[in-house]
Amino acid sequence: MTATVTTDSSTEKSDRVTSRGTGGARRRLPRIPDRIRQGGLPYLLLLPAVLLELLVHVIPMIIGIVMSFRELTQFYINNWGGAPWRGFDNYKIAVDVNAPIGEALLHSFFVTCVFTFFAVGLAWLFGVAAAIMLQENFRGRGFLRAIFLVPYALPVYAAVITWAFMFQRDNGLVNHVLHDQLGLTDQPSFWLIGDNSIYALIVVSVWKGWPFAFLIVMAGLQNIPRELYEASAIDGAGIWQQIRKITLPALRPVNQVLVLVLFLWTFNDFNTPYVLFGKAAPESADLISIHIYQSSFVTWNFGTGSAMSVLLLLFLLVVTAAYLLITSRGRKGADA
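Quick caveat, the model's predicted, so the values are computed rather than measured. (Residues numbered from 1 in each chain as written. Predicted model: local features only at pLDDT ≥ 70, side-chain atom pairs only at ≥ 80, totals over all residues. Heavy atoms only, no water.)

Visitor: Explain the nonpolar core to me, and be specific about the residues and the numbers.
Guide: In summary, soluble globular proteins display a tendency toward joint burial of nonpolar side chains. Core analysis: the biggest nonpolar cluster contains 23 residues, and Phe-115, Phe-167, Leu-201, Val-204, Leu-276 and Phe-277 have the highest contact counts within it. For this core, the secondary structure elements donating two or more residues are helix H4 (100-133), helix H7 (156-166), helix H9 (197-221) and helix H13 (271-277). When near neighbours in sequence (up to four residues on either side) are disregarded, Phe-115 contacts Ile-198, Leu-201, Ile-202, Ser-205, Thr-266 and Leu-287. The next biggest cluster of nonpolar side chains, apart from the first, holds 22 residues, and it includes Ile-132, Phe-214, Val-217 and Leu-251. (Core = buried A, V, L, I, M, F, W, Y, C linked by side-chain atoms within 4.5 Å. Buried < 20%, exposed > 50% of the residue type's maximum accessible area, 1.4 Å probe, protein only. Helix = DSSP H or I, 4+ residues; strand = E, 2+ residues; numbered from the N terminus. Contact = heavy atoms within 4.5 Å.)

Visitor: I'd like a description of the pattern of salt bridges, backed by residues and values.
Guide: Enumeration according to the criterion identifies four salt bridges in this entry. Arg-86 is the salt-bridge partner of Asp-89, the closest N and O atoms lying 4.0 Å from each other. A salt bridge links Asp-170 to Arg-169; the nearest nitrogen and oxygen atoms lie 3.1 Å apart. Given a relative accessible area of 68%, Asp-170 falls into the exposed group. (Salt bridge = Lys/Arg side-chain N within 4 Å of Asp/Glu carboxyl O.)

Visitor: Could you give an account of the side chain of Thr-327, naming the residues involved and the relevant values?
Guide: Residue position: Thr-327 is located in helix H15 (residues 302-335). A polar contact of 2.8 Å, which involves the side chain of Thr-327, links it to the backbone oxygen of Tyr-323. Polar contacts involving the side chain of Thr-327 include one to the main-chain carbonyl oxygen of Leu-324, which spans 3.1 Å. (Polar contact = N/O pair within 3.5 Å; in protein donor to acceptor, adjacent residues only side chain to side chain.)

Visitor: With reference to specific residues and values, describe the side chain of Thr-272.
Guide: Mapped onto the fold, Thr-272 is located in helix H13. Residue classification places Thr-272 among the buried positions, given a relative accessible area of 0%. In terms of polar contacts, Thr-272 uses its side chain to reach the side chain of Asp-269, at 2.8 Å. Here Thr-272 is in contact with Val-160, Leu-201, Val-204 and Lys-208, once residues within four sequence places are set aside.

Visitor: Explain the packing of aromatic side chains residue by residue, including any values.
Guide: Under the criterion given, the structure shown has 24 aromatic pairs. Ring centres of Phe-69 and Phe-88 lie 5.3 Å apart, and the angle between their planes is 85 degrees; this geometry places the pair in the edge-to-face category. Residue Phe-69 is located in the loop between helix H2 (32-67) and helix H3 (89-95), and its partner Phe-88 is located in the loop between H2 and H3; the two are separated by 19 residues in the primary sequence. Put simply, the rings of Phe-270, Tyr-274, Tyr-293, Phe-297, Trp-300 and Phe-302 touch in pairs and so form one group of aromatic residues. (Phe/Tyr/Trp six-rings, centres within 6.5 Å; stacked < 30°, edge-to-face > 60°.)

Structural data, given as structure tokens:
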């Protein structure tokens with residue numbers, strides 16, 4: 001009986017010693033289901049986002065790529081899987097600049113490039129200027145920040161429809177100010193048709209996009225120490241020298257991402273020209289997004305329209321990869 005008690009006490013003592021961790025806390029290995037539950041929780045939380053991404057982007061993109069290799073017209077809408085296989089014929093038609101379809105697509109591509117250059121450049125310029133201006137403390141700064149973010153907060157359709165009314169020739173606000181009030185034009189101008197339509201499109205795109213640049217740059221400016229500006233002011237640096245030597249170099253990583261996002265959004269923009277001009281955009285404002293829509297849903301040639309969409313996707317992927325490669329090399333060279 002005594003031996004039994006001694007054995008139990010020694011066993012308890014050894015268990016007590018082996019179960020102690022740091023600080024004397026008792027440690028217990030988790031069970032297998034607990035490990036699976038803890039390790040799989042992140043993937044379980046990501047599952048809805050992955051499913052939505054598949055349903056909204058990946059699967060339609062794959063279907064569009066398959067459609068680009070078929071002769072999918074209005075005769076095969078009910079059974080698009082039965083459309084004849086054409087291989088790369090749709091792509092050859094789209095890139096043949098000597099044919100009407102390829103020539104129109106090339107013109108739309110150049111119009112989109114010009115539009116994107118001015119829209120992104122002006123949106124970035126206005127956003128940076130407004131963010132730098134509002135860094136200083138003065139009365140009414142909070143009110144101006146709220147006002148500047150109004151275009152970004154408004155729904156796109158409501159904002160563009162408002163601009164469409166303002167660009168009306170006979171009773172629009174733009175012609176009322178430019179022609180009636182200021183006398184800058186000989187007669188009221190057409191802004192939604194003809195050559196002036198590209199200017200109207202750029203104005204609306206800049207007005208809609210620059211608050212996003214303002215918001216991002218304003219957030220990036222918070223990471224710049226104020227001591228740098230104070231030290232440079234003591235050394236005699238003016239406001240322009242501070243912006244050129246301190247602000248813009250410190251904002252380089254932010255601007256690299258900002259310009260890329262603005263470029264992708266603007267080059268792919270469909271809502272703005274569609275709401276502003278309708279299904280048939282003027283020739284001077286024939287963006288590639290509207291052009292692909294017309295090639296697909298107006299002429300009912302979904303095969304050629306899908307091929308144009310795939311070519312646009314490849315172009316944006318190449319530009320994005322080249323931009324990231326160039327900016328990463330420039331960043332490494334600056335750090336070295």
